[in-house]
Amino acid sequence: MTHQISNHLQLVADQLRVKEAAAADDGTMSESQYHFCRALCAFADRAVDIVSTCQDDTLLPLVNLLFCCLGADLRVAELTVDFWASIQDTPLAQRHPQLGVLLYRELQMSSDCL
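K.L.:
Please give an account of the packing of helix 3 (residues 31-46) against helix 5 (residues 60-70) that cites residues and values.
P.N.:
Two packed helices can be described by the angle between their axes and the distance between those axes. With their axes 11 Å apart at the nearest point, helix 3 and helix 5 run at an angle of 130° to one another. By the angle between their directions, the pair helix 3 and helix 5 is classed as oblique. Where helix 3 crosses over helix 5, the two elements pack in a sense that is left-handed. Residues Cys37, Leu40, Cys41, Phe43 and Ala44 of helix 3 form the contact with helix 5, whose participating residues are Leu62, Leu65, Leu66 and Cys69. Considered class by class, the residues forming the contact of helix 3 with helix 5 number nine nonpolar, no polar and no charged.

As structure tokens, then:
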């Protein structure tokens, strides 16, 4: 079920052009894009245990969408805080390999750009 929701969220993100809006110079999003990001972040935060421990790559695009939200305007970026804080509760040994050291490096590089 989580994989299906993740797939639907990715389809909606593509239709709303969320990645493009977040990557724009000012990162400003429309109200529909903002509300989508709210739903995305709420889902990711509530399913953080599943997202972080899924050993296949099916939920990694969801994490990539959350990275895109970090590049958006502040009201969108701050929606991701609960997910990033909650993922800390999952031991590194139980996480998907991409959500360990590589994740922290990517987050570090993202914060250096801010």
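K.L.:
Which residues make up unusual backbone geometry, and what values go with them?
P.N.:
Leaving glycine out, the prevailing phi sign among residues is negative, and the prevailing peptide bond configuration is trans. Phi angles above zero are rare outside glycine, and Arg17 is one such case at about 60°. Structurally, the position occupied by Arg17 is in the loop between helix 1 (2-16) and helix 2 (18-23).

K.L.:
Can you lay out the packing of aromatic side chains for me, pointing to particular residues and giving the numbers?
P.N.:
Per the counting criterion, the structure on display carries two aromatic pairs. Between Phe67 and Trp84, the aromatic rings sit 5.1 Å apart at their centres with planes inclined by 50°, giving tilted as the arrangement. Taken together, the residues Phe67 in helix 5 and Trp84 in helix 7 (residues 81-86) connect sequence positions 17 residues apart. In this pair, the class of Phe67 matches that of Trp84, namely buried. Between Phe83 and Trp84, the ring centres sit 5.0 Å apart and the planes meet at 70°, which makes this aromatic pair edge-to-face. Judged on exposure class, the residue Phe83 and its partner Trp84 are both buried. Cluster of aromatic residues (ring-pair linked, three or more members): Phe67, Phe83 and Trp84. If you follow Arg75 out to its NZ or CZ, it ends over the ring of Tyr34, 4.1 Å from the centre.

K.L.:
Kindly report on the nonpolar core, identifying the contributing residues and their values.
P.N.:
Residues Met29, Leu40, Val63, Phe83 and Trp84 are the most contacted members of the largest nonpolar core, which totals 33 residues. At the level of elements, helix 1, helix 2, helix 3, helix 4 (48-53), helix 5 and helix 7 are the ones that each hand at least two residues to this core. In terms of residue count, the dominant contributor to this core is helix 5 (eight residues).

K.L.:
How would you summarise the pattern of salt bridges if you had to cite specific residues and measurements?
P.N.:
The tally for this structure, following the rule as stated, stands at two salt bridges. Close ionic contact of Glu31 with Arg75 constitutes a salt bridge, the shortest N to O distance being 3.0 Å. Of this pair, Glu31 sits in helix 3 while Arg75 sits in helix 6 (residues 74-77); the two residues are 44 residues apart in sequence, bridging distant segments of the chain. A relative accessible area of 45% means that Glu31 is categorised as partly exposed. Between Asp73 and Arg75 there is a salt bridge, with the nearest N and O atoms lying 3.7 Å from each other. Residues joined in a network through salt bridges with shared partners are Glu31, Asp73 and Arg75.

Rules used in this analysis
Residues numbered from 1 in each chain as written. Predicted model: local features only at pLDDT ≥ 70, side-chain atom pairs only at ≥ 80, totals over all residues. Heavy atoms only, no water. Axes fitted to C-alpha atoms, helices over the stretch in contact; angles between N-to-C directions. Helix = DSSP H or I, 4+ residues; strand = E, 2+ residues; numbered from the N terminus. Parallel < 35°, antiparallel > 145°, perpendicular 65-115°, else oblique. Left-handed = near helix turned anticlockwise from the far one by under 90°. Contact = heavy atoms within 4.5 Å. Nonpolar A, V, L, I, M, F, W, Y, C, P; charged D, E, K, R; others polar. Phe/Tyr/Trp six-rings, centres within 6.5 Å; stacked < 30°, edge-to-face > 60°. Buried < 20%, exposed > 50% of the residue type's maximum accessible area, 1.4 Å probe, protein only. Lys NZ or Arg CZ within 6 Å of the ring centre and 35° of its normal. Core = buried A, V, L, I, M, F, W, Y, C linked by side-chain atoms within 4.5 Å. Salt bridge = Lys/Arg side-chain N within 4 Å of Asp/Glu carboxyl O.

Scope: geometric values only; no functional claims are made or implied.
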